[in-house]
2 protein chains.
Amino acid sequence: MTNHALLDSCPLYQGLSPQDKDYALTYFDARVKTYEKGAFLHQVSFPLPRFGLVLSGTVQVYMDDIDGHHIIMNHVETGDLFGESYAFLGIEAPIYICAVTEVEILWMSPARIKIPLSPVSALDQELSNRFVACLAHRTLAMNQRVQILSRNTLRMKLITFLSQYAAEKGDRFTIPFDRASMAAYLGADRSALSRELSRMQAEGILAFHRNHFQILK
Amino acid sequence: MTNHALLDSCPLYQGLSPQDKDYALTYFDARVKTYEKGAFLHQVSFPLPRFGLVLSGTVQVYMDDIDGHHIIMNHVETGDLFGESYAFLGIEAPIYICAVTEVEILWMSPARIKIPLSPVSALDQELSNRFVACLAHRTLAMNQRVQILSRNTLRMKLITFLSQYAAEKGDRFTIPFDRASMAAYLGADRSALSRELSRMQAEGILAFHRNHFQILK
DNA sequence: AAAAGTCCGTTGCTTTTGCAACGGACTTTT
DNA sequence: AAAAGTCCGTTGCAAAAGCAACGGACTTTT
């Protein structure tokens, strides 16, 4: 049986009573599976019949470009979903999903959202709405990503990226990326990123150590 | 009364019978409104209670960065939707929506999706599913955008951008952007874009005139 | 404890890019 | 038809960024 406390980290289950959580797990036909660090949860060009919730650990969704660069599509931490769009549409997913750490995944099916059992209960409707809200939030998150990537200098990308964190977490925060992933996330070269970060630190704009940052401005 | 033929360009209404289209218009509480070229359909920080379908013309959804650059979030042609996420979530939309040409917009409400009238008919369910599918497709479209923007040279951004068009439309196609919008879409400078396009033409990779392109390579 | 591996800052070099400005082709306005 | 406006290619220049390589700090493996 799934640990109900873990589920509260996800907007899909947040605040539901234990009975409702159990019902929801049935509604989504949920199954838990664990993967060790570095394992692939999915490979390019397979269909993705279920979407995932990360119960513990971190996964990364990425594609590869011609030159072998990783393009990070989604960095998924504990409590986040991935693959909802592909699962709902039932289409092939041209992506890799890889376990950054050992992870525990709750795989869920969107079948009941598309084809409800009648009559539709209030809880059925609530769960469906929550799923759609997650989809909508995903587009907003991607909007933020586009805002970063659209900037035409690395300095401005960094300022936008860090401002988004600062807006959410305050002036001190830890990011979930190492330098290589951060560079991929910003669409930049790792050494150029290190260089620019060092410059900004020298200018007194920010301070950092590894993946911990402090905005000074 | 709305022209039913126009509605067929949108996945929300495509293939429905005339009666079902009428029902759908009621379901979404649809209202038509026209705007002249250059008019704002929405300004930053207002709530966006309805999402829009472009019946004719083109609109652009964008934000402005600190330096006054436009960041294009969405370029919306006839038959496309915009604002579904904000409308569904009922939150403030930090965006500008501007009519690029004279436009006719069908404004719709997602209220019945969130709070259905019971009993839910098969058509109600179909319309809800179509709306969710549109949301899912939006995230896929944004994935493509992220693929372009993540490339770390303008040349690679261009190749990715043009390849996406070529994959859909073949080796000759017309893009809906002028150079300034194209540059904003790619997160680059307009003159740098012109220069790179000229280089690629000189190298025999492609041919173009204004917004008409042909892939040669 | 040595060895291997990982992560990250640094640097030299070359290429790419942004920026500003100009001018030509074309369209719209008056 | 002149004038004003728009769109786009071009260019010179300075700044930014990619690339490759190295080395130090730290962690994990053996």
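To be clear, the structure that these remarks concern was listed above.
Caption draft 1: Quick look at the sheet that holds strand 2 (residues 40-42) of chain A. Strand order in the open sheet formed by 4 strands is 2-9-5-6 (chain A), and the pairing between neighbours is antiparallel. What marks the edges here is a single partner per strand, and that holds for strand 2 and strand 6 (70-76) of chain A. Mean inter-strand twist for the sheet, computed between neighbouring axes without regard to direction, equals 30°. With respect to the sheet, helix 5 (residues 122-150) of chain B is in contact with strand 5 (59-64) and strand 6 of chain A, its orientation differing from that of strand 6 of chain A by roughly 130°.

Caption draft 2: Representation of the interface of chain A and chain B. Residue-level contacts link 38 residues of chain A with 37 residues of chain B. In total, chain A and chain B occlude about 3,600 Å² of area from one another, counting both sides; carbon and sulfur atoms represent 70% of this. At the boundary of chain A and chain B, one finds 0 salt bridges. On inspection of chain A and its partner chain B, the count reaches 8 residue pairs in polar contact (both at pLDDT 80 or more). Going through the elements one at a time, strand 6, helix 3 (84-89), helix 4 (111-114) and helix 5 (122-150) of chain A are the ones with two or more residues in the side of chain A that touches chain B. Looking at the side of chain A that touches chain B element by element, the count peaks at 17 residues for helix 5 of chain A. Its residues assigned to classes, the side of chain A that touches chain B comprises 21 nonpolar, 11 polar and 6 charged.

What counts and how
Residues numbered from 1 in each chain as written. Chains lettered and ligands numbered in written order. Predicted model: local features only at pLDDT ≥ 70, side-chain atom pairs only at ≥ 80, totals over all residues. Heavy atoms only, no water. Pairing = 2+ DSSP bridges. Helix = DSSP H or I, 4+ residues; strand = E, 2+ residues; numbered from the N terminus. Axes fitted to C-alpha atoms, helices over the stretch in contact; angles between N-to-C directions. Contact = heavy atoms within 4.5 Å. Buried area = accessible area lost by both parts, 1.4 Å probe. Salt bridge = Lys/Arg side-chain N within 4 Å of Asp/Glu carboxyl O. Polar contact = N/O pair within 3.5 Å; in protein donor to acceptor, adjacent residues only side chain to side chain. Nonpolar A, V, L, I, M, F, W, Y, C, P; charged D, E, K, R; others polar.

Keep in mind that these numbers describe shape and distance, not what the molecule does.
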